[in-house]
Amino acid sequence: MGHTGLVMRSAVRPSPLFLAILAVTVAGALLTLVEQQIALTTGIVLLVIGGWAVSLCLHEFGHAAVAFRGGDHSVRAKGYLTLDPRRYTDPVLSLLLPMLLLLAGGIPLPGGAVWINRHALRSKGVESAVSLAGPLTNLVLGALLVMSVSLFQPPLGLAAGLSYLAYVQIIAFVLNILPVPGLDGYGALEPYLPYQARRYGQIARPWAPLALFALLLGLPELGITVLSDTLFGLTAWIFDLMGGEALYAQLGQMEFRFWN
């Protein structure tokens, strides 16, 4: 395990593209400090979009890092440990589409995917851990963002942007943990399911998450709010439990979706 950890650390080299996205996120944070409305709004948009792109990379890195430690060393050759978003499937499906849905509906669709050789993993428990690593990364990021606002008490604009980004991370955790084929919650259960159930899950995997998000985006218009109320209620409960300020998150969302 010590040798595996050493090899993994040598393979973790953040790509220039990831560092560029991180720089955009930091630039957005700095813009929120300018006492001018356009700068504030632009800063929050850049902070949230950039921060969400960074979290997509970290989410997939979490999967890959646990898989590497669990026996699938092919993730190193595939470049999954470089945090390069281009390595996580198609750039349009992995980054552009999730960010467009975040802008349109405030719902963070899971982005890219790392292809894990599950036959190389040591046990069913490791398979489940690989699936859970991604959403737990989002949960930890949300907690760290909430803590940064609570501890450092930044100016209002920055606090609003960070709080909304934290809220988005928690939504991503709640959605990803659902036992829906194609989402990580199902992936954690899949190793323990009977063969026939796994077969049906494989068939549903490509379209089930999109169907879920289509329902969530369309539910208010359909007048059916039980599912969305439950998911967003759970998100708000976790956010509050972490010590998040709901008013900051609401202000950040308003500035992020400034056209509404």
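Note that the structure is predicted; figures quoted are calculated from it, not measured.

Attention shifts here to the overall build of the chain. The helix and strand tally for the chain stands at 12 helices and 0 strands. From first element to last, N terminus to C terminus, the chain shows the α and β order α-α-α-α-α-α-α-α-α-α-α-α. Every one of the 260 residues in the chain was classed for burial, and the buried ones make up 49%. Within the chain, contacts between residues at least 6 apart in sequence are counted, and of these 74% link residues at least 24 apart. Summed over all atoms, the accessible surface of the chain reaches about 12800 Å², with 70% contributed by carbon and sulfur.

Let us look at the side chain of Asp72. Position of Asp72 relative to the elements: it lies in the loop between α3 (37-69) and α4 (74-77). No salt bridge is formed by the buried Asp72; its nearest oppositely charged neighbour, Lys78, is found at 4.9 Å. Among the polar contacts made by the side chain of Asp72, one reaches the side chain of Ser74 at a distance of 2.5 Å. What Asp72 contacts, discounting residues up to four positions off in sequence, is Ala67, Trp115, Ile116, Asn117, Ala120 and Leu121.

The next subject is the UniProt feature "transmembrane region" (unreviewed entry) in the chain. Sequence positions flagged by UniProt for "transmembrane region" (unreviewed entry) are, in local numbering, residues 15-33, 40-61, 95-117, 129-152, 164-189 and 210-239. As annotated, residues 40-61 has a helix share of 100% and a strand share of 0%, and its two end C-alpha atoms lie 31 Å apart. End-to-end, the C-alpha atoms of residues 164-189 are 30 Å apart, and along that stretch the chain is 73% helix and 0% strand.

This part takes up the environment of Gly71. The residue Gly71 is located in the loop between α3 and α4 in this model. Setting aside residues up to four positions removed in sequence, Gly71 forms contacts with Ala120, Leu121 and Arg122.

Here the focus is a nonpolar patch on the surface. A surface patch of nonpolar side chains, amounting to about 430 Å² of accessible area, comprises Leu19, Leu22, Val26, Leu30 and Leu33. If you trace the backbone, Val26 turns up in helix α2 (residues 16-31). Classification of Val26 as partly exposed rests on a relative accessible area of 44%.

A separate point is the packing of α2 against α3. Helix packing geometry: the angle between the two helix axes and the distance between the axes. Where α2 contacts α3, the two axes come as close as 7 Å, and the packing angle between them is 150°. The angle between α2 and α3 places the two elements in the roughly antiparallel class. For the pair α2 and α3, the crossing hand works out as left-handed. When α2 is examined against α3, the residues Phe18, Ile21, Leu22, Val24, Thr25, Gly28, Ala29 and Leu31 are found in contact with a partner set consisting of Ala39, Leu40, Thr42, Gly43, Leu46, Leu47, Gly50, Gly51, Ala53, Val54, Cys57 and Leu58. Classifying every residue of the contact of α2 with α3 by side-chain character gives 14 nonpolar, 6 polar and no charged.

Attention now goes to the nonpolar core. Residues Leu175, Leu178 and Phe239 are the most contacted members of the largest nonpolar core, which totals 29 residues. For this core, the secondary-structure elements that each account for two or more residues are α6 (124-152), α7 (156-176), α10 (208-222) and α11 (226-241). Ignoring anything within four residues of it in the chain, the contact list for Leu175 reads Ile107, Pro108, Leu183, Phe213, Leu216 and Leu231. Core analysis: the second largest hydrophobic core is formed by 20 residues, Cys57, Ala64, Val75 and Val130 among them.

Given two aromatic rings, their pairing is described by the distance between the two centres and the angle made by the two planes. Tallying each qualifying case throughout the model produces 4 aromatic pairs. Ring centres of Tyr164 and Phe256 lie 5.6 Å apart, and the angle between their planes is 45°; this geometry places the pair in the tilted category. Taken together, the positions of Tyr164 in helix α7 and Phe256 in helix α12 (residues 246-256) put the pair 92 residues apart, joining distant regions of the chain. As far as burial versus exposure is concerned, Tyr164 and Phe256 are alike and both buried.

This part is about the pattern of salt bridges. One pass over the full model with this rule turns up 3 salt bridges. Ionic pairing is found between Arg86 and Asp84, a salt bridge with its closest N-O pair at 2.8 Å. Arg86 sits in the exposed class, given a relative accessible area of 55%. Residue Glu190 pairs with Arg205 through a salt bridge whose shortest N-O separation is 3.0 Å. Residue Glu190 is located in the loop between α8 (184-189) and α9 (195-204), and its partner Arg205 is located in the loop between α9 and α10; the two are separated by 15 residues in the primary sequence. Its relative accessible area of 10% is what places Glu190 among the buried residues. Under the relative-accessibility criterion, Arg205 is labelled partly exposed at 28%.

Cut-offs applied
Position numbers for residues count from 1 along each chain, tracking the sequence in the order it is written. Owing to the predicted nature of the model, reporting of local features is limited to residues with pLDDT of at least 70; listing and counting of side-chain atom pairs is limited to 80 or more, with chain, interface and lining totals taken over all residues. In computing side-chain values, all of the structure's heavy atoms are included and hydrogens and water are not. Helix and strand assignments come from DSSP, with helices taken as H or I runs of at least 4 residues and strands as E runs of at least 2, each series counted from the N terminus. The buried label goes to any residue with under 20% of its type's maximum accessible area, the exposed label to any with over 50%, and the partly exposed label to all in between, with areas taken from a 1.4 Å probe on protein chains only. Contacts between residues were defined by any pair of non-hydrogen atoms, one from each residue, lying within 4.5 Å. For the accessible areas, the method is Shrake-Rupley and the probe is 1.4 Å, while residue cover comes only from the protein chains on display. Neither His nor the chain termini are counted; the positive set is Lys and Arg, and the negative set is Asp and Glu. Between Lys or Arg on one side and Asp or Glu on the other, a salt bridge is scored when a side-chain nitrogen of the former is within 4 Å of a carboxyl oxygen of the latter. Under this definition, polar contacts are N or O atom pairs within 3.5 Å; protein pairs additionally need one hydrogen-donor-capable and one acceptor-capable atom, and for neighbouring residues in sequence, both atoms have to be side-chain atoms. UniProt positions are given in the numbering used here, feature names are shortened, and annotations may be inferred rather than shown by experiment. A patch consists of residues exposed above 30% relative accessible area that lack any salt bridge, with like charges linked at up to 9 Å and nonpolar side chains (Val, Leu, Ile, Met, Phe, Trp, Tyr) linked at up to 5 Å. To obtain an axis, a line is fitted to C-alpha atoms, over the contacting stretch when the element is a helix, and the angle between two such axes runs from 0 to 180 degrees between their N-to-C directions. Roughly parallel means an angle under 35 degrees; roughly antiparallel means over 145; roughly perpendicular covers 65 to 115; every other angle is labelled oblique. By definition, turning the near helix anticlockwise from the far helix through less than a right angle yields a left-handed crossing, and turning it clockwise yields a right-handed one. Side-chain classes follow a simple rule in which Ala, Val, Leu, Ile, Met, Phe, Trp, Tyr, Cys and Pro form the nonpolar group, Asp, Glu, Lys and Arg form the charged group, and the remainder, Gly included, forms the polar group. Each nonpolar core is a collection of buried residues, namely Ala, Val, Leu, Ile, Met, Phe, Trp, Tyr and Cys, held together in the definition by side-chain atoms within 4.5 Å. Two aromatic rings from Phe, Tyr or Trp, using only the six-membered ring of Trp, form a pair when their centres are within 6.5 Å; if the ring planes differ by under 30 degrees the pair is stacked, by over 60 it is edge-to-face, and anything between is tilted.

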